[in-house]
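# Notes for the structure review
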Amino acid sequence: MPTAISIRKVDGKPGQVYYPLEKITVPSPTPTENQVVIRLSAAALNHRDLFIRQHLYPGTTFGVPLCADGCGVVTATGSSQEAQKWRGKRVILNPGTGWKDAPEGPESPKGYAIMGGTKFNANGTLAETMVLEASELEEAPLHLNDVEAAALPLTGLTAWRAVFSKSGNAVAGRNILVTGIGGGVALMALMFASAAGCNVFVTSGSEEKLKRARELGAAGGANYKEEGWEKKLMEMLPKGRKMLDAIIDGAGGDIVDKGQRLLKVSSIFRATSPVFNQHLCGV
Ligand SMILES: NC(=O)c1ccc[n+]([C@@H]2O[C@H](COP(=O)([O-])OP(=O)(O)OC[C@H]3O[C@@H](n4cnc5c(N)ncnc54)[C@H](OP(=O)(O)O)[C@@H]3O)[C@@H](O)[C@H]2O)c1
């Protein structure tokens, strides 16, 4: 039987407990018509995996393989043409089910069920093998090795959706603020928005992370731990475009209040709060 790694139950309250890891066996994979079997070579960690071990993530469950991101090779397939075309290919996986390509959000009424360690999805990538619908695969990018490719999907997809599908401002010359640049989604959003030619500004609680963000393409950054960080940030904006066009926020803190003063007021939505029209929570 193939093995996987999950969390093991021990006593403790959410936030105080840190569940140990446990090797478990999972059923031998048998794909149905449109499914494939993947032999995994790399799984990537995400902040949610740490939250799961602390029982701070919704639906935390014992006995479900951990991790949402992975890279591997398709070793067997179901009988359909769609499934068979993947045989032998090196792939990365859609890290959840229920959301394929609708720009406005998950198509499934049950929402987006991310893989790994919860009751909402039985799959997880910290496993020797897994079975998945062929429609949930992408070829692993050739320029990335297995470990690099495994780290791409969840933060990458979330940031892609925030920058390109939802912000409405992935346009050269626009001012985008990405908050909490130490976060995985924020780093991806910085790189995507920079590549689109936006002036990307960032916040962080760490000077070192601000410096690193500038090296990755940020036009400037402010430390959210400093009083009046938002004024400092506004001073960095280019002449002739002295407001932010969008905020991509996965950090929380005081950004929702302060965003009112930082964002360009939308002429379409002026009757309501511009923050909620243009402020984006992590997807
Ligand atoms: N990770 C994913 O793949 C994923 C997928 C879907 C949705 N999301 C959502 O996207 C958001 C970000 O997740 P993440 O995993 O990328 O990030 P994360 O690791 O949770 O980091 C968020 C960052 O927020 C900043 N921060 C923390 N406390 C703050 C405070 N009090 N005030 C201002 N900033 C603060 C920190 O930035 P500095 O370290 O720079 O100080 C921290 O690194 C979350 O809402 C998450 O639920 C994440």
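Residues numbered from 1 in each chain as written. Predicted model: local features only at pLDDT ≥ 70, side-chain atom pairs only at ≥ 80, totals over all residues. Heavy atoms only, no water.

### Things to note about the site of the ligand
Neighbouring the ligand are 20 residues; His47, Gly182, Ser204, Lys209 and Tyr224 lie closest to it. Gly182 has a polar backbone atom sitting 2.8 Å from an oxygen atom of the ligand. The contact in question runs from an oxygen atom of the ligand to an N or O atom on the backbone of Gly205, over 2.8 Å. Across the complex, the protein chains shield 69% of the 890 Å² of accessible surface that the ligand would expose by itself. In this structure, the ligand is accommodated by the largest pocket. (Near = heavy atom within 4 Å. Polar contact = N/O pair within 3.5 Å; in protein donor to acceptor, adjacent residues only side chain to side chain. Areas by Shrake-Rupley, 256 points an atom, 1.4 Å probe, with all protein chains shown as cover. 1 Å grid on protein atoms, 1.4 Å probe; cavity = no way out; pocket = protein on both sides within 12 Å on 5 of 7 lines; lining within 4 Å. Sits in = over half its atoms within 2 Å of the grid points.)

### Examining helix H5 (residues 184-195)
Between the first and last C-alpha of H5 there are 17 Å, a value that for 12 residues agrees with the 16 Å anticipated at 1.5 Å per step. Among the residues of H5, those classed as buried are Ala186, Met188, Ala189, Leu190, Phe192 and Ala193. If you follow the buried residues of H5, they end up packed against helix H4 (153-166), strand E10 (175-178), strand E11 (199-204), helix H6 (207-215) and strand E13 (246-249). (Helix = DSSP H or I, 4+ residues; strand = E, 2+ residues; numbered from the N terminus. Expected span 1.5 Å × (residues − 1). Buried < 20%, exposed > 50% of the residue type's maximum accessible area, 1.4 Å probe, protein only. Contact = heavy atoms within 4.5 Å.)

### What to know about unusual backbone geometry
Backbone phi values are negative for most residues with the exception of glycine, while trans is the configuration of most peptide bonds. Here the phi dihedral of His55 falls at roughly 55°; this positive angle occurs in a residue that is not glycine. With respect to the helices and strands, His55 occurs in the loop between helix H1 (47-53) and strand E4 (69-77). We classify His55 as partly exposed; its relative accessible area is 27%. The phi angle at Cys67 is positive, at roughly 80°, despite the residue not being glycine. Residue position: Cys67 is located in the loop between H1 and E4.

### Here we look at the pattern of salt bridges
Per the stated rule, a full pass over the model turns up 11 salt bridges. Here Glu82 and Lys85 are joined by a salt bridge, their closest N and O atoms 3.2 Å apart. Bridged by salt links that share partners, the residues Lys211, Arg212 and Glu215 form one connected network. (Salt bridge = Lys/Arg side-chain N within 4 Å of Asp/Glu carboxyl O.)

### Examining the side chain of Thr125
By the secondary structure assignment, Thr125 is in the loop between strand E7 (113-114) and strand E8 (129-133). Take Thr125: its relative accessible area is 1%, and that puts it in the buried class. In this structure the side chain of Thr125 is engaged in a polar contact, spanning 2.7 Å, whose partner is the backbone oxygen of Asp69. With residues up to four places along the chain from it excluded, the contact list for Thr125 reads Leu40, Ala43, Leu66, Cys67, Ala68, Asp69, Gly70, Leu93, Met115 and Met130.

### Quick look at the confidence of the model for the protein chain
Chain-level pLDDT for the protein chain is 91 on average; 94% of the residues reach the 70-or-more range. In this model residues 267-283 is a low-confidence stretch, pLDDT under 50, and it forms 41 contacts with partners more than four residues away in sequence or in other chains. (pLDDT = per-residue confidence, 0-100.)

### Quick word on the sheet that holds strand E3 (residues 35-44)
An order of E8-E3-E4-E5-E9 is seen for the 5 strands of this open sheet, with the pairing classed as antiparallel. Two strands lie at the open edges of the sheet, namely E8 and strand E9 (137-139), each paired on one side alone. The mean inter-strand angle of the sheet, taken between neighbouring strand axes irrespective of direction, is 45°. Across 3 bridges, E4 lies against strand E5 (residues 90-93) in antiparallel orientation. When the sheet's bridge partners are listed, Gly72 is paired in E5 with Val91. (Pairing = 2+ DSSP bridges. Axes fitted to C-alpha atoms, helices over the stretch in contact; angles between N-to-C directions.)

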